[in-house]
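Fold and contact review
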Amino acid sequence: MNKILIVDASDSDCRLMSGLLTRAGYEPIAVETMVAAKDEVAKLPPGAVIVADASLRDSSAKELINWQKAEGFTFPICI
C-alpha cells in the first residue's frame, strides 16, 4: 500500500508534505490532532506508514505510539 498518515500541528507543513508525497505517487492523509489521528489509524490498510510531529496540538507523538501499541496497531511511525 502507499498510504501515509501525516500527523502534524502545522497546517502549512501538512500541505507541503502532502503535495510532495502526492507527486511521488503516495496517498497522504493529513490530520492535525491526536483525536483525528486515532480515527484515521483505525482506517489505515496494512502496509501504511505514519509520519508524526513530535508535539501535536492536543498530545504528542509518544502518546500516539503508546496508544497504537495498546490498541494492537503495528504501523511504523516516523517522528
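Here the structure is shown first, and the text comes after it.
This write-up is about the structure you can find in this document. Quantities reported herein were computed from a predicted structural model and do not represent experimental measurements. (Residues numbered from 1 in each chain as written. Predicted model: local features only at pLDDT ≥ 70, side-chain atom pairs only at ≥ 80, totals over all residues. Heavy atoms only, no water.)

With that out of the way, let us pick up the pairing of strand 2 (residues 27-31). Where strand 1 (residues 3-7) meets strand 2, five bridges bridge the pair, whose relative direction is parallel. By the bridge assignment, Leu5 is partnered in strand 2 with Ile29. For the handedness criterion, the β-α-β arrangement of strand 1, helix 1 (residues 11-23) and strand 2 is classed as right-handed. (Pairing = 2+ DSSP bridges. Helix = DSSP H or I, 4+ residues; strand = E, 2+ residues; numbered from the N terminus. Right-handed = clockwise from strand over helix to strand, strands pointing away.)

Along the chain, Val7 turns up in strand 1. Here Val7 falls in the buried class, since its relative accessible area comes to 0%. Along the backbone, Val7 and Lys38 are 31 residues apart, and their C-alpha atoms lie at a distance of 10 Å. (Buried < 20%, exposed > 50% of the residue type's maximum accessible area, 1.4 Å probe, protein only.)

Let's shift gears to the pattern of salt bridges. The tally for this structure, following the rule as stated, stands at three salt bridges. For Glu27, the salt bridge is made with Lys3, and the minimal N-O distance between the two is 3.2 Å. Of this pair, Glu27 sits in strand 2 while Lys3 sits in strand 1; the two residues are 24 residues apart in sequence, bridging distant segments of the chain. Classification of Glu27 as partly exposed rests on a relative accessible area of 37%. Among the ionic pairs, Arg15 bridges to Asp11, the shortest N-O distance being 3.3 Å. Of this pair, Arg15 and Asp11 both sit in helix 1, four residues apart, which is roughly one turn of that helix. (Salt bridge = Lys/Arg side-chain N within 4 Å of Asp/Glu carboxyl O.)

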